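Coordinate analysis (summary)
This is what each chain is made of:
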Amino acid sequence: MRDFTLKTYKLLLAHLQDSGRRFYTLEDICKDKPQDSFVVLRHDVDRKPYNALKMAELENAKDIRSTYYFRITKKVFDPECIRNISSLGHEVGYHFEDLSSLHGDIDEAVDSFKRNIEKFRQIVPVSTVSMHGRPLSRFDNKELMKRIDFGELGLLCEPYSIVEKLDLRYFTDVGRKWNNDSVNLRDKITGQKGLSLRTTFDVINALADELKDENLMLSIHPERWEDDMFPWVRNAVWQKVKNAGKYILIKTRHGS
Ligand SMILES: [Zn+2]
């Protein structure tokens, strides 16, 4: 069975359900810490919004609610797609990158962030946001987070702080591998407590084993998951090229 297909994703969802965990959105866990065992599925939509819609439909068919963060770029910010995902019961939020888009101008970035939240709110309610990594930019969008008054904007939280606050185990498919630290430039909380999982099947196996008593947040990028052979192979090859590039960048930045 190929990894990073919707079929494999469906299998992952089935095992998560069988593990007895309940599914919560970011908004849910920001409001109240769940008392039962739980998992949060967080999707950063960096590209291909209609891949996200497919994933959202698949989850909805299994009565699962998750959270989708959309970039505001021309190709990703698709109001119809966003509205459809929201109408399936999922949470939608803003995947922001205002600081890197504006080349580090922090005051401009704060204003732009506020305007963009309003653009989203003309389509769907928004109460949480997540940061886009932009690995090749010098500007870290985390700096912008420090300048945003969440309460004033009616925002509840963002994923990084909540992972720390609720002591969740966090895994991401960045690099098209789970927790591949060597290619992870900005998603720094990856691989907490030193558990190394490479394939989705490793994640599935760990659910009943090393992760049995853990609450989870899984960060899943819909554009990486394809059933069709051609885009799947293109993704696999392109990811290898990107991983090699990021690896060199990390080595250069760390001076080794
Ligand atoms: Zn992103």
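What you are looking at is a predicted structure, and each value in this text was computed from that prediction instead of being measured.

Take the overall build of the protein next. Per the secondary structure count, the protein includes 10 helices and seven strands. For the protein, the residues scored as buried account for 36% of the 256 residues in total. Residue pairs at least 24 apart in sequence account for 73% of intrachain contacts in the protein once pairs closer than 6 positions are excluded.

Before going further, it helps to examine the pairing of strand β4 (residues 91–96). Of all six residues that make up β4, six are buried, and the element is covered over most of its length. Bridging between strand β3 (residues 67–70) and β4 involves four bridges; their strand directions are parallel. When the sheet's bridge partners are listed, T67 is paired in β4 with E91. This β-α-β element, β3 to helix α4 (residues 79–87) to β4, shows right-handed connectivity. With three bridges connecting them, β4 and strand β5 (residues 129–131) associate as parallel partners. When the sheet's bridge partners are listed, H95 is paired in β5 with S130.

Our next topic: the confidence of the model for the protein. Close reading of the predicted structure is inappropriate where its pLDDT is low. Summarising the model, the protein shows a mean pLDDT of 89, and 90% of its residues fall at 70 or more. pLDDT under 50 marks residues 182–186. Its contacts with residues more than four places away, or in other chains, come to 17 contacts.

With that out of the way, let us pick up α4. Every buried residue of α4 is listed here: C81, I82 and I85. Here the buried residues of α4 occupy an arc of 100° about the axis, which is enough to place them on one side. Residues of α4 that are exposed and point more than 90 degrees away from the buried face comprise E80, R83 and S87. Packing partners of the buried residues in α4 comprise α3 (49–61), β3 and β4.

Turning our attention to helix α9 (residues 200–207). Buried within α9 we find T200, V203 and A206. Seen along its axis, α9 keeps its buried residues to an arc of 120°; they face one direction. Close packing links the buried residues of α9 with α1 (6–18) and β6 (169–172).

It is worth spelling out the nonpolar core at this point. If you look at the biggest cluster of nonpolar residues, it comprises 46 residues, and the most contacted ones within it are V40, Y68 and I85. Here this core takes five residues from strand β2 (residues 38–45), the largest share from any one element. With sequence-adjacent residues up to four places away left out, V40 is seen in contact with Y24, L26, I29 and M217.

So, about unusual backbone geometry. Phi is positive for K48, close to 45°, though the residue is something other than glycine. Secondary-structure assignment places K48 in the loop between β2 and α3. Phi is positive for D167, close to 55°, though the residue is something other than glycine. Inspection of the secondary structure assignment puts D167 in the loop between α8 (159–166) and β6. Taking the number of C-beta atoms within 10 Å as the measure of exposure, D167 has 9 and is therefore exposed.

With that settled, consider the environment of L195. With respect to the element layout, L195 can be found in the loop between β6 and α9. For the pair L195 and F171, spaced 24 residues apart in sequence, the C-alpha to C-alpha distance is 9.7 Å.

Take the packing of α1 against α9 next. At a minimum axis distance of 10 Å, the contact between α1 and α9 shows a crossing angle of 10°. As the angle between them shows, α1 and α9 are arranged roughly parallel. The segment α1 lies against α9, with T8, L11, L12, H15 and L16 engaging T200, V203, I204 and L207. When grouped by side-chain class, the residues that make up the contact of α1 with α9 number six nonpolar, three polar and no charged.

The next subject is the environment of R83. Topologically, R83 is positioned in helix α4. C-alpha separation for the pair R83 and L53, spaced 30 residues apart in sequence, amounts to 10.0 Å. Not counting the four nearest positions on each side in its chain, R83 is found in contact with I123 and V124.

Interhelical geometry of α1 versus α3 gives an angle of 35° and a closest axis separation of 11 Å. For the element pair α1 and α3, the recorded crossing hand is right-handed. Residues L6, Y9, K10 and L13 of α1 touch α3, and the partners they reach there are K54, M55, L58 and E59. Residues belonging to the contact of α1 with α3 are distributed by class as follows: five nonpolar, no polar and three charged.

About the criteria used
Residues numbered from 1 in each chain as written. Predicted model: local features only at pLDDT ≥ 70, side-chain atom pairs only at ≥ 80, totals over all residues. Helix = DSSP H or I, 4+ residues; strand = E, 2+ residues; numbered from the N terminus. Buried ≥ 20, exposed ≤ 12 C-beta atoms within 10 Å, placed from the backbone. Contact = placed C-beta atoms within 7 Å. Pairing = 2+ DSSP bridges. Right-handed = clockwise from strand over helix to strand, strands pointing away. pLDDT = per-residue confidence, 0-100. Arc of directions from axis to C-beta. Core = buried A, V, L, I, M, F, W, Y, C linked by C-beta atoms within 7 Å. Axes fitted to C-alpha atoms, helices over the stretch in contact; angles between N-to-C directions. Parallel < 35°, antiparallel > 145°, perpendicular 65-115°, else oblique. Nonpolar A, V, L, I, M, F, W, Y, C, P; charged D, E, K, R; others polar. Left-handed = near helix turned anticlockwise from the far one by under 90°.

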